[in-house]
Every structure is written in structure tokens, then in C-alpha cells.
Amino acid sequence: MSDYFPNVPKIKYEGPDSDNPLAFRHYNPDEEIAGKSMKDHLRFGAAYWHCMRNGLGDPFGMGTALMPWDDGSESLDNALKRIPVFFEFLDKNQIDYYCFHDRDVSPEGATWAETHSNLEKVTEGLKAAQKSSGKKLLWGTACLFAHPRYAQGAATSPNADVFAYAASQVKHALDATHELGGAGYVFWGGREGYASLINTDMKRELDHLARLLHLAVDYGKKIGFTGQFYIEPKPREPSTHQYDSDAAACLNFLREYDLLDHLKLNLETNHAELAGHTMEHELDVAAAAGALGSIDANRGDTLIGWDTDQFPTNLYQTTNIMLRVLKLNDGQGLTTGGLNFDAKRRRESHLPEDLFHAHVGGMDAFARGLKIAAKIIADGRFDDFVKKRYSTYDSGIGAEIEGGSANFDTLDGYALGIEPPVLESGRQEMLENLLNDYI
Ligand code: XLS
Ligand code: NI
Ligand code: NI
């Protein structure tokens, strides 16, 4: 096997006392936590676009990332040569899953037909690499935002021919995802939004977006694709306003257009923050609707107003995320979904081995979050507190309110007959201190 990362050995678990920066100190894939191996709880995925295609440029400067295996061309040959590099990275970093956009893995051709045939050839290459490595596809997606034809939207473009191109592209991306046994397929809005309402028929655009999603669901059924469809909220960037701006907006859209049975949410930490929410809030909104499917694991920077897609290192964040993942689906956790590192290195971290430092850190941060969350749940102190906080609804008038037997007349009579309510403390500070004890 060739060695594209000669400076990096296979990353192993060495335990908390190791001072080797290219070792796991907490992520021990087969170690059991709360009845399941760490790797099955966490289902880590790597993003092809960030690992293989992100040159680390920013709005003020060109890319810096060194990729000695890449000839810089948009050729099919170059696309095929990237595959073994990526799979070596997955293997050395012990990451079981990956995610891609069609255009990350395979280039546009001179004609639309050639574009599709490129993807088919690359899919064969990816399939062979999956087979020999045991790595799996967490989800696929279509890039409906980079090419100039999508400048005014894809499904929401004012031009119906563009809609047809988008549909054609999704069809082939779904074929590829299906061929690769993908556990899911993601729609992220990209250009599905508007820069100004002055030239926009919002209702018509939303109808068209829903139409594309229905067509995708129908086509998935037709080809026997049983993976989970997801929609990924993000409030802005690239559009001024994105239609799928946050979890609540996505849920409302899915409900309004009869799509809630077919799509779950893929939530990204940095997008939650750009929407003015915490990731915990977004996770709870989605979970309450039975629609929390998968996670793009990264973090933002409160000092920068854009999607910085940084690697997750904040233990409070990873703990809060894993608390919710552990409780998901009656304790089954993520079923079809996973923790996909939709994250990129800083522009200054341009060496190939920085890819490993980045992912090792993210995986260890989530492994710690998992262990801490499992202990918090086993101890039950937070759950008990919250349960007790709402206990006035467990019997008496509270049970009548929740059960629907109380009405304004009975509540009026009840309120007139009791002493004024006495509140218990919310004890936020005490609980924050308790969380610190666990971390
Ligand atoms: C961009 C999104 C994108 C999706 C996949 O901000 O996070 O990378 O995850 O299209
Ligand atoms: Ni994402
Ligand atoms: Ni993002």
C-alpha cells in the first residue's frame, strides 16, 4: 500500500497519560460505554470536501494546504487518484464513515452527459475502496451551489431549466449514494434562499423546493434506496436569507409540504450558532419532533460572523451533544446518522498531518463528551432535578391541564380557591457548578 502520509503512523488509543499528539487519549473504539462500543455510539464520519478539496483559502487569500498527491486539475484522472489518499487517511485515523458531495469526488465534464459518466466512474472507484477497507458512506449529497448555473438557486431558481438540471444532478447523486450503500442522503440549501425580496416570489420558490424534495423521495423509493433523507439547516451564507434557516423553520417547511415522514434533520453546530441558537437548542427542537437524524460536528467562533467550520474541542459542547445523542430513539442513539466532521483546518495549518491532529482532537473531544454524558445520565441528578421541577403537573390540577380535562372555568375556580403560587428556585448556578464537577 502506498503511503501518502509518511509522517503519520496509524493512530492508536494510548490512554489519558500518553503525551503523543498523534494518539487517542480517550477514543478507544471498542471500549464499551453504557452498553455499546464507543465507535457505535459516535459513528464518526469525515467530509471529503474538507479533507480532500479544501485548499484552505479565505476571502482574502488563496489556498495554503499542501496536497502533494493532487495535480490541481479538474480531471477525472486526478479525481480517481484522490480516492486512495482519502481512504488511507480514514484508515490511519480510524474513521469508519465518510460523506461527500458529487462534485467533491467527481468533476463536471465538457457536457452534462460526461458529468454524469464521470460520477459513475468515480463511484466504481469509491465502491472498490470501500470494499477493500470496510469503510462506509454515511451520506451523499449533490453540490447545487458552486456552479454559476445555480447562482440564483437550484430548486428555487426562477429558471425552470435550472430546476431540471438540479433534479438531474440529484438523481445521479442518489444513484451513486445508493450504489455505495449510503446510510443517508443530505439536502443542504446552498443557494436555496434569496439575496433580496425585491425580485423574489418566495411562496413559489418554496413550492419548488418542496417539489424537488418530493421528487427525490419518490425516486429513492423507485430505485430501492432505504437510507434516511435529511435536510440541513443554516441561516445565511451564501444567501442573505436561506429558506432552511434553523431547525424550527425546517420542521415547519417539512410539515407544510407533507415531507416530515420522509426527512429528518442533519444539524450542524456552527449553523446553530449563526442562527442565534445553541446546538443544544437545535438538537432539542429536532428531537422533540422525532426528527433528529444526524450531526455535522464542528464549532464556530463567536468573534467571527461566518461559518468557520472549526474542529470541535469544547468539552461542554461535546458533552451537551452526547447527552442528547445518548437519549435519542429511546436510548438507541444515532441510528442511520453519525458525527460527521464538517470541519476544516485553519489556513495556517497547511500540512497534511494537520488533518490528523484536527480529527484526533475532535474524536477525543467527543469521546470525552460521551463518557461524561454517560456518567451524568447514569447518576440521574440533572434528570431528577428537571423531573421534580415540573412535578406539579404529575397530579391534581397539573395532570388535568396536561390531560386536557381542565378548562378556563375550572382553572378560574381553582385559582380563586388557592393561596398565591410559591415558586421553587430554578437553581441554574447550582446545576452549572454540578456540570463543572462532571467535566
Ligand atoms: C455548508 C454545509 C455543507 C453541508 C453539505 O455550510 O455545512 O457542507 O453539510 O452540503
Ligand atoms: Ni454541514
Ligand atoms: Ni457549515
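Refer to the structure presented above.
In this text, all values refer to a predicted model and were calculated from it rather than measured experimentally.

Description of the coordination of the nickel ion (ligand 2)
- Protein coordination of the nickel ion (ligand 2) is provided by E232 (OE), E268 (OE), D296 (OD) and D342 (OD), with donor distances spanning 2.0 to 2.1 Å.
- Taken in sequence order, the residues that donate to the nickel ion (ligand 2) follow the motif E-x35-E-x27-D-x45-D.
- Separation of the nickel ion (ligand 2) from the nickel ion (ligand 3) amounts to 4.3 Å, with E268 serving as a shared donor to the pair. Here E232, found in strand β8 (residues 228-232), pairs with D296, found in strand β11 (residues 292-296); they are 64 residues apart in sequence, far enough to count as distant.
- Overall, D296 belongs to the buried group, its relative accessible area being 0%.

Describing the pattern of salt bridges
- One pass over the full model with this rule turns up 17 salt bridges.
- Taking the shortest distance from any N to any O, the salt bridge between K39 and D30 comes out at 2.7 Å.
- Judged by its relative accessible area of 55%, D30 is exposed.
- Among the salt bridges present, the one from K92 reaches E88, with a minimum N-O distance of 3.3 Å. A residue pair is termed a helical-turn pair when its members lie 3 or 4 positions apart in one helix, as K92 and E88 do in helix α3 (residues 76-93) at four residues.
- You can call E88 buried: its relative accessible area is 2%.
- Salt bridges sharing common partners tie together D3, E88 and K92.

Some details on the environment of L431
- Tracing the chain through its elements places L431 in helix α16 (residues 428-438).
- Each C-alpha atom, one on L431 and one on R381, is 9.3 Å from the other, the two residues being 50 residues apart in sequence.

Examining the side chain of D307
- Here D307 shows up in the loop between β11 and α11 (315-331).
- Leaving out residues up to four positions away in the same chain, D307 has contacts with K234, E237, E268, N270, H271, L274 and K344.

Conventions we followed
Residues numbered from 1 in each chain as written. Chains lettered and ligands numbered in written order. Predicted model: local features only at pLDDT ≥ 70, side-chain atom pairs only at ≥ 80, totals over all residues. Heavy atoms only, no water. Donors = N, O, S within 2.8 Å, 3.2 Å for Na, K, Ca; no water. Helix = DSSP H or I, 4+ residues; strand = E, 2+ residues; numbered from the N terminus. Buried < 20%, exposed > 50% of the residue type's maximum accessible area, 1.4 Å probe, protein only. Salt bridge = Lys/Arg side-chain N within 4 Å of Asp/Glu carboxyl O. Contact = heavy atoms within 4.5 Å.

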